[in-house]
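Structure assessment
Single-letter residue listing:
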Amino acid sequence: MLQPFFQWMGGLPFSQFFLESVWPTPIIQCIHLIAVSVFAGALLIVDLRLLGRGLTSSSIPKLAAAAQPWLVWSFVVLFLSGMPQMMSTALKEYYSPFFWWKMEMVALGLIVTFVVRKVIASKEEGHFGPVWPKVVGITSISLWTSVTIGARLIGLLS
Amino acid sequence: MIRTLFEFVDALPSSLAWRESLNGYVYLLTAHVVSMGLVAGVISYWDMRLAGMALKWIPVSKVQSGLFPWLFAGTAVNAGTGIMMVYSQPMRYYPNFWFWLKMGMLVVVAANAAYFHLSIEKTVEQWENDPVAPLKARLAGYVSLAFWAGVIVTGRMTAYSGLVPQWWIDLGLSN
(Lines give C-alpha, C1' and ligand atoms only; values in the text may rest on other atoms or scores of the structure.)
Protein backbone atom coordinates (compact mmCIF):
# COMPACT_ATOMS: atom_id res chain seq x y z
CA MET A 1 0.00 0.00 0.00
CA LEU A 2 2.82 2.40 0.85
CA GLN A 3 5.01 1.31 -2.06
CA PRO A 4 3.77 4.05 -4.47
CA PHE A 5 4.41 6.65 -1.78
CA PHE A 6 7.98 5.46 -1.26
CA GLN A 7 8.49 5.33 -5.03
CA TRP A 8 7.25 8.92 -5.32
CA MET A 9 9.50 10.00 -2.45
CA GLY A 10 12.56 8.40 -4.03
CA GLY A 11 11.86 10.18 -7.31
CA LEU A 12 11.72 13.69 -5.87
CA PRO A 13 14.48 16.06 -7.06
CA PHE A 14 15.59 16.49 -3.42
CA SER A 15 16.02 12.71 -3.03
CA GLN A 16 17.87 12.44 -6.35
CA PHE A 17 20.17 15.29 -5.33
CA PHE A 18 21.14 13.39 -2.18
CA LEU A 19 21.58 10.13 -4.03
CA GLU A 20 23.75 11.59 -6.80
CA SER A 21 25.83 14.13 -4.83
CA VAL A 22 29.08 13.09 -3.19
CA TRP A 23 29.25 14.96 0.12
CA PRO A 24 25.68 15.59 1.40
CA THR A 25 25.05 11.96 2.41
CA PRO A 26 28.22 11.46 4.51
CA ILE A 27 27.79 14.91 6.10
CA ILE A 28 24.18 14.20 7.06
CA GLN A 29 25.17 10.74 8.35
CA CYS A 30 27.82 12.31 10.61
CA ILE A 31 25.27 14.81 11.97
CA HIS A 32 22.86 11.90 12.54
CA LEU A 33 25.49 9.97 14.53
CA ILE A 34 26.37 12.99 16.70
CA ALA A 35 22.65 13.37 17.44
CA VAL A 36 22.48 9.64 18.28
CA SER A 37 25.20 10.18 20.89
CA VAL A 38 23.48 13.20 22.47
CA PHE A 39 20.15 11.34 22.48
CA ALA A 40 21.77 8.23 24.00
CA GLY A 41 23.37 10.27 26.78
CA ALA A 42 20.17 12.13 27.68
CA LEU A 43 18.25 8.85 27.60
CA LEU A 44 20.75 6.77 29.55
CA ILE A 45 21.35 9.07 32.52
CA VAL A 46 17.61 8.94 33.31
CA ASP A 47 17.08 5.26 32.45
CA LEU A 48 20.07 4.21 34.57
CA ARG A 49 18.75 6.36 37.42
CA LEU A 50 15.36 4.62 37.15
CA LEU A 51 17.26 1.33 37.49
CA GLY A 52 18.85 2.64 40.69
CA ARG A 53 22.26 3.08 38.99
CA GLY A 54 24.30 5.94 37.59
CA LEU A 55 23.77 9.40 39.08
CA THR A 56 22.11 8.26 42.31
CA SER A 57 23.09 11.45 44.15
CA SER A 58 20.45 13.36 42.18
CA SER A 59 16.68 13.04 42.42
CA ILE A 60 14.98 11.45 39.41
CA PRO A 61 12.69 14.41 38.57
CA LYS A 62 15.57 16.91 38.59
CA LEU A 63 17.70 14.68 36.38
CA ALA A 64 14.82 14.01 33.98
CA ALA A 65 13.98 17.71 33.73
CA ALA A 66 17.62 18.56 32.96
CA ALA A 67 17.90 15.84 30.31
CA GLN A 68 14.58 16.59 28.61
CA PRO A 69 15.70 19.51 26.36
CA TRP A 70 18.73 17.51 25.14
CA LEU A 71 16.45 14.54 24.49
CA VAL A 72 13.87 16.56 22.55
CA TRP A 73 16.28 18.61 20.46
CA SER A 74 18.55 15.68 19.62
CA PHE A 75 15.48 13.76 18.46
CA VAL A 76 14.50 16.71 16.25
CA VAL A 77 17.99 16.60 14.70
CA LEU A 78 17.73 12.80 14.34
CA PHE A 79 14.44 13.18 12.49
CA LEU A 80 15.64 16.00 10.23
CA SER A 81 18.91 14.23 9.39
CA GLY A 82 17.20 10.85 8.99
CA MET A 83 14.63 12.04 6.47
CA PRO A 84 17.02 12.86 3.58
CA GLN A 85 18.78 9.51 4.07
CA MET A 86 15.48 7.67 3.99
CA MET A 87 14.14 9.65 1.01
CA SER A 88 17.25 9.16 -1.12
CA THR A 89 17.06 5.37 -0.76
CA ALA A 90 13.29 5.15 -0.35
CA LEU A 91 12.66 1.87 -2.18
CA LYS A 92 15.61 0.15 -0.53
CA GLU A 93 14.15 1.16 2.84
CA TYR A 94 10.65 0.06 1.81
CA TYR A 95 11.82 -3.44 0.97
CA SER A 96 14.08 -3.75 4.04
CA PRO A 97 12.56 -5.65 6.99
CA PHE A 98 15.06 -3.84 9.24
CA PHE A 99 13.65 -0.44 8.25
CA TRP A 100 10.15 -1.46 9.34
CA TRP A 101 11.56 -3.04 12.49
CA LYS A 102 13.35 0.24 13.25
CA MET A 103 10.22 2.31 12.65
CA GLU A 104 8.11 0.07 14.91
CA MET A 105 10.73 0.34 17.65
CA VAL A 106 10.92 4.13 17.19
CA ALA A 107 7.14 4.40 17.58
CA LEU A 108 7.18 2.26 20.73
CA GLY A 109 10.26 4.07 22.03
CA LEU A 110 8.62 7.46 21.61
CA ILE A 111 5.54 6.33 23.53
CA VAL A 112 7.58 4.79 26.34
CA THR A 113 10.09 7.65 26.60
CA PHE A 114 7.94 10.72 26.06
CA VAL A 115 4.71 9.48 27.67
CA VAL A 116 5.17 6.59 30.13
CA ARG A 117 8.68 7.42 31.34
CA LYS A 118 7.88 11.11 31.59
CA VAL A 119 5.15 10.32 34.12
CA ILE A 120 7.31 7.86 36.08
CA ALA A 121 10.32 10.21 36.14
CA SER A 122 8.25 13.20 37.25
CA LYS A 123 7.74 11.72 40.74
CA GLU A 124 10.24 11.15 43.51
CA GLU A 125 11.78 7.71 44.05
CA GLY A 126 9.38 5.29 45.70
CA HIS A 127 6.21 6.96 44.43
CA PHE A 128 5.52 4.16 41.95
CA GLY A 129 7.09 1.43 44.10
CA PRO A 130 10.41 -0.34 43.48
CA VAL A 131 9.46 -2.28 40.33
CA TRP A 132 7.77 0.02 37.78
CA PRO A 133 10.61 2.53 37.39
CA LYS A 134 12.99 -0.36 36.72
CA VAL A 135 10.61 -1.93 34.19
CA VAL A 136 10.29 1.39 32.37
CA GLY A 137 14.05 2.02 32.47
CA ILE A 138 14.98 -1.38 31.04
CA THR A 139 12.17 -1.17 28.45
CA SER A 140 13.40 2.22 27.29
CA ILE A 141 17.01 1.04 26.98
CA SER A 142 15.91 -2.14 25.16
CA LEU A 143 13.70 -0.30 22.67
CA TRP A 144 16.28 2.32 21.70
CA THR A 145 19.01 -0.33 21.48
CA SER A 146 16.72 -2.19 19.06
CA VAL A 147 16.35 1.01 17.04
CA THR A 148 20.14 1.30 16.76
CA ILE A 149 20.55 -2.35 15.76
CA GLY A 150 17.77 -2.06 13.17
CA ALA A 151 19.28 1.12 11.76
CA ARG A 152 22.72 -0.43 11.39
CA LEU A 153 21.34 -3.56 9.75
CA ILE A 154 19.48 -1.54 7.09
CA GLY A 155 22.85 -0.50 5.73
CA LEU A 156 24.58 -3.83 6.21
CA LEU A 157 22.01 -6.46 5.28
CA SER A 158 19.45 -4.75 3.01
CA MET B 1 56.92 -1.18 9.78
CA ILE B 2 53.22 -0.49 10.35
CA ARG B 3 52.40 -1.87 6.91
CA THR B 4 54.38 -5.03 7.71
CA LEU B 5 52.36 -5.48 10.91
CA PHE B 6 49.06 -5.01 9.07
CA GLU B 7 50.12 -7.44 6.33
CA PHE B 8 51.19 -9.98 8.99
CA VAL B 9 47.78 -9.78 10.67
CA ASP B 10 46.05 -9.95 7.29
CA ALA B 11 47.74 -13.29 6.59
CA LEU B 12 46.78 -14.88 9.93
CA PRO B 13 44.24 -17.73 9.59
CA SER B 14 42.01 -16.23 12.33
CA SER B 15 41.92 -12.86 10.50
CA LEU B 16 41.00 -14.66 7.31
CA ALA B 17 38.30 -16.63 9.15
CA TRP B 18 36.68 -13.42 10.41
CA ARG B 19 37.02 -11.81 6.97
CA GLU B 20 35.30 -14.73 5.25
CA SER B 21 32.64 -15.14 7.91
CA LEU B 22 29.19 -14.39 6.47
CA ASN B 23 27.98 -12.18 9.31
CA GLY B 24 31.02 -11.75 11.58
CA TYR B 25 31.72 -8.19 10.44
CA VAL B 26 28.01 -7.32 10.67
CA TYR B 27 27.88 -8.41 14.32
CA LEU B 28 31.11 -6.55 15.13
CA LEU B 29 30.01 -3.31 13.48
CA THR B 30 26.55 -3.43 15.07
CA ALA B 31 28.01 -4.00 18.55
CA HIS B 32 30.54 -1.23 17.86
CA VAL B 33 27.77 1.27 17.05
CA VAL B 34 25.57 0.28 20.02
CA SER B 35 28.49 0.56 22.46
CA MET B 36 29.43 3.88 20.82
CA GLY B 37 26.04 5.18 21.96
CA LEU B 38 26.85 4.16 25.54
CA VAL B 39 30.41 5.54 25.52
CA ALA B 40 29.64 8.81 23.72
CA GLY B 41 26.42 9.36 25.66
CA VAL B 42 28.03 8.87 29.06
CA ILE B 43 31.28 10.71 28.30
CA SER B 44 29.33 13.68 26.92
CA TYR B 45 27.63 14.18 30.31
CA TRP B 46 30.93 13.90 32.14
CA ASP B 47 32.48 16.44 29.76
CA MET B 48 29.47 18.74 29.97
CA ARG B 49 29.70 18.69 33.79
CA LEU B 50 33.36 19.72 33.55
CA ALA B 51 32.52 22.37 30.94
CA GLY B 52 29.71 23.76 33.11
CA MET B 53 27.02 22.87 30.56
CA ALA B 54 25.00 20.25 32.49
CA LEU B 55 24.48 18.51 35.86
CA LYS B 56 25.84 21.58 37.68
CA TRP B 57 24.13 20.65 40.97
CA ILE B 58 25.88 17.27 41.24
CA PRO B 59 29.41 17.18 42.74
CA VAL B 60 32.03 16.27 40.14
CA SER B 61 33.18 13.19 42.09
CA LYS B 62 29.58 11.91 42.23
CA VAL B 63 29.19 12.32 38.46
CA GLN B 64 32.46 10.42 38.04
CA SER B 65 31.55 7.55 40.38
CA GLY B 66 28.05 7.29 38.91
CA LEU B 67 28.99 7.30 35.24
CA PHE B 68 32.50 5.85 34.97
CA PRO B 69 31.61 2.17 35.56
CA TRP B 70 29.27 2.43 32.54
CA LEU B 71 31.90 4.32 30.59
CA PHE B 72 34.50 1.61 31.26
CA ALA B 73 32.08 -1.20 30.39
CA GLY B 74 31.08 0.55 27.16
CA THR B 75 34.71 1.30 26.29
CA ALA B 76 35.67 -2.36 26.77
CA VAL B 77 33.02 -3.48 24.26
CA ASN B 78 33.65 -0.56 21.92
CA ALA B 79 37.43 -0.96 21.86
CA GLY B 80 37.17 -4.75 21.67
CA THR B 81 34.84 -4.70 18.67
CA GLY B 82 36.88 -1.92 17.05
CA ILE B 83 40.11 -3.89 17.37
CA MET B 84 38.39 -6.98 15.99
CA MET B 85 37.08 -5.00 13.00
CA VAL B 86 40.62 -3.92 12.14
CA TYR B 87 41.92 -7.43 12.88
CA SER B 88 39.43 -8.93 10.44
CA GLN B 89 40.20 -6.51 7.58
CA PRO B 90 43.60 -4.90 8.28
CA MET B 91 44.46 -4.12 4.66
CA ARG B 92 41.12 -2.37 4.23
CA TYR B 93 41.90 -0.03 7.12
CA TYR B 94 45.64 0.48 6.52
CA PRO B 95 45.30 2.84 3.52
CA ASN B 96 42.19 4.57 4.95
CA PHE B 97 42.72 8.29 5.64
CA TRP B 98 39.73 8.55 7.99
CA PHE B 99 40.83 5.53 10.04
CA TRP B 100 44.20 7.13 10.80
CA LEU B 101 42.60 10.51 11.53
CA LYS B 102 40.27 8.72 13.98
CA MET B 103 43.25 7.04 15.64
CA GLY B 104 44.94 10.45 15.95
CA MET B 105 41.85 11.89 17.59
CA LEU B 106 41.68 8.96 20.02
CA VAL B 107 45.29 9.72 21.01
CA VAL B 108 44.31 13.35 21.75
CA VAL B 109 41.27 12.18 23.75
CA ALA B 110 43.44 9.77 25.77
CA ALA B 111 46.14 12.42 26.36
CA ASN B 112 43.51 14.93 27.48
CA ALA B 113 42.02 12.38 29.92
CA ALA B 114 45.48 11.52 31.26
CA TYR B 115 46.33 15.21 31.73
CA PHE B 116 43.05 15.74 33.60
CA HIS B 117 43.62 12.69 35.80
CA LEU B 118 47.27 13.44 36.60
CA SER B 119 46.96 17.20 37.01
CA ILE B 120 43.58 18.92 37.25
CA GLU B 121 41.79 16.16 39.15
CA LYS B 122 44.26 16.35 42.03
CA THR B 123 42.55 19.53 43.25
CA VAL B 124 39.00 18.31 42.62
CA GLU B 125 38.04 18.47 46.32
CA GLN B 126 38.47 22.25 46.23
CA TRP B 127 36.02 22.86 43.37
CA GLU B 128 33.88 19.76 42.91
CA ASN B 129 30.77 21.45 44.34
CA ASP B 130 31.15 24.59 42.21
CA PRO B 131 28.52 24.75 39.44
CA VAL B 132 31.22 25.98 37.08
CA ALA B 133 34.61 24.25 37.30
CA PRO B 134 37.97 26.09 37.02
CA LEU B 135 39.16 27.11 33.56
CA LYS B 136 41.56 24.15 33.13
CA ALA B 137 38.81 21.64 33.94
CA ARG B 138 36.38 23.41 31.62
CA LEU B 139 38.96 23.37 28.85
CA ALA B 140 39.52 19.64 29.38
CA GLY B 141 35.75 19.17 29.02
CA TYR B 142 35.54 21.22 25.83
CA VAL B 143 38.56 19.49 24.28
CA SER B 144 37.10 16.07 25.09
CA LEU B 145 33.67 16.99 23.67
CA ALA B 146 35.20 18.33 20.45
CA PHE B 147 37.52 15.40 19.87
CA TRP B 148 34.95 12.73 20.75
CA ALA B 149 32.69 14.35 18.15
CA GLY B 150 35.66 14.12 15.79
CA VAL B 151 36.10 10.42 16.62
CA ILE B 152 32.45 9.78 15.73
CA VAL B 153 32.64 11.77 12.49
CA THR B 154 35.89 10.16 11.31
CA GLY B 155 34.57 6.74 12.37
CA ARG B 156 31.55 7.20 10.08
CA MET B 157 33.72 8.60 7.30
CA THR B 158 35.87 5.44 7.36
CA ALA B 159 33.20 3.94 5.07
CA TYR B 160 33.97 6.68 2.52
CA SER B 161 37.58 5.74 1.83
CA GLY B 162 37.47 7.47 -1.57
CA LEU B 163 36.59 10.91 -0.17
CA VAL B 164 40.09 11.88 0.90
CA PRO B 165 42.60 14.65 0.11
CA GLN B 166 44.68 14.20 -3.05
CA TRP B 167 47.96 14.28 -1.06
CA TRP B 168 46.78 11.17 0.81
CA ILE B 169 46.08 9.34 -2.47
CA ASP B 170 49.53 10.40 -3.70
CA LEU B 171 51.13 8.54 -0.76
CA GLY B 172 50.13 5.34 -2.57
CA LEU B 173 49.30 3.33 0.55
CA SER B 174 46.78 1.23 -1.37
CA ASN B 175 49.47 -0.16 -3.69
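Residues numbered from 1 in each chain as written. Chains lettered and ligands numbered in written order. Predicted model: local features only at pLDDT ≥ 70, side-chain atom pairs only at ≥ 80, totals over all residues. Heavy atoms only, no water.

Here we come to the overall build of chain A. Scanning chain A from terminus to terminus reveals seven helices and zero strands. Element order for chain A, N to C, with α for helix and β for strand: α-α-α-α-α-α-α. Out of the 158 residues in chain A, the part that is buried amounts to 46%. The long-range share in chain A, meaning contacts at least 24 apart out of those at least 6 apart in sequence, stands at 79%. For chain A, the exposed area adds up to about 7900 Å²; of that, 74% sits on carbon and sulfur atoms. For chain A, the separation between the mean place of its 10 positive charges and that of its 6 negative charges on side chains is 8 Å. (Helix = DSSP H or I, 4+ residues; strand = E, 2+ residues; numbered from the N terminus. Buried < 20%, exposed > 50% of the residue type's maximum accessible area, 1.4 Å probe, protein only. Contact = heavy atoms within 4.5 Å. Areas by Shrake-Rupley, 256 points an atom, 1.4 Å probe, with all protein chains shown as cover. Lys, Arg positive; Asp, Glu negative; His and termini not counted. Charge placed at Lys NZ, Arg CZ, Asp CG, Glu CD.)

It is worth spelling out helix H8 (residues 135-157) of chain B at this point. Spacing of three or four residues puts side chains on the same side of an α-helix, whose turn is 3.6 residues. Spanning 23 residues, H8 of chain B covers 33 Å between terminal C-alpha atoms, matching the ideal 33 Å at 1.5 Å per step. Among the residues of H8 of chain B, those classed as buried are Ala-137, Ala-140, Gly-141, Ser-144, Trp-148, Gly-150, Val-151, Ile-152, Thr-154, Arg-156 and Met-157 of chain B. (Expected span 1.5 Å × (residues − 1).)

In this section: the packing of aromatic side chains. What describes a pair of aromatic rings is the distance from one ring centre to the other and the angle between the planes of the rings. Within the structure shown, the criterion is met by 26 aromatic pairs over all chains. Summarising the aromatic geometry, the rings of Phe-6 of chain A and Tyr-94 of chain A are spaced 5.4 Å apart at their centres and angled 50° between planes, so their arrangement reads as tilted. Taken together, the residues span a long stretch of sequence, with Phe-6 of chain A in helix H1 (residues 3-11) and Tyr-94 of chain A in helix H5 (residues 90-94) at a distance of 88 residues. On the basis of relative accessible area, Phe-6 of chain A is assigned to the buried category, the value being 5%. Each ring, one from Phe-6 of chain A and one from Trp-100 of chain A, has its centre 5.6 Å from the other, and the planes form 55°; the classification is tilted. Highlighted residues: Phe-6 of chain A in helix H1 and Trp-100 of chain A in helix H6 (residues 97-121), separated in sequence by 94 residues. Here the aromatic residues Phe-5, Phe-6, Trp-8, Tyr-94, Tyr-95, Phe-99 and Trp-100 of chain A are joined through ring pairs into a cluster of three or more. Across the ring face of Tyr-93 of chain B, the terminal group of Arg-92 of chain B is positioned such that the distance to the ring centre comes to 5.5 Å. (Phe/Tyr/Trp six-rings, centres within 6.5 Å; stacked < 30°, edge-to-face > 60°. Lys NZ or Arg CZ within 6 Å of the ring centre and 35° of its normal.)

Here we come to the interface of chain B and chain A. Facing the 30 residues of chain B at the interface are 33 residues of chain A. Approximately 2800 Å² of surface area, both sides summed, lies buried where chain B meets chain A, with 82% of it carried by carbon and sulfur atoms. The tally of links from chain B across to chain A stands at zero salt bridges. Inspection of the chain B/chain A interface yields three residue pairs in polar contact (both at pLDDT 80 or more). Looking at the side of chain B that touches chain A, the elements with two or more residues in it are helix H3 (24-51), helix H4 (60-88) and H8 of chain B. It is H3 of chain B that contributes the most residues to the side of chain B that touches chain A, twelve residues altogether. Its residues assigned to classes, the side of chain B that touches chain A comprises 23 nonpolar, five polar and two charged. (Buried area = accessible area lost by both parts, 1.4 Å probe. Salt bridge = Lys/Arg side-chain N within 4 Å of Asp/Glu carboxyl O. Polar contact = N/O pair within 3.5 Å; in protein donor to acceptor, adjacent residues only side chain to side chain. Nonpolar A, V, L, I, M, F, W, Y, C, P; charged D, E, K, R; others polar.)

Here we take up the pattern of salt bridges. Under the defined criterion, the tally for this structure stands at four salt bridges over all chains. Between Asp-47 of chain A and Arg-117 of chain A there is a salt bridge; the shortest N-O distance is 2.8 Å. Here Arg-117 of chain A lies in helix H6 and Asp-47 of chain A lies in helix H3 (residues 24-50), a separation of 70 residues in the sequence. Across the pair, Arg-117 of chain A and Asp-47 of chain A agree in class, each one buried. Note that Asp-10 of chain B is salt-bridged to Arg-19 of chain B, the shortest N-O span being 3.2 Å. With relative accessibility at 23%, the residue Asp-10 of chain B sits in the partly exposed group.

Residues and elements named next belong to chain A. Of note, Leu-43 is situated in helix H3. We classify Leu-43 as buried; its relative accessible area is 4%. With 27 residues separating them along the chain, Leu-43 and Trp-70 place their C-alpha atoms 9.0 Å apart. The contact partners of Leu-43, leaving out residues within four places of it in the chain, are Leu-71, Thr-113, Arg-117, Ser-140 and Trp-144.

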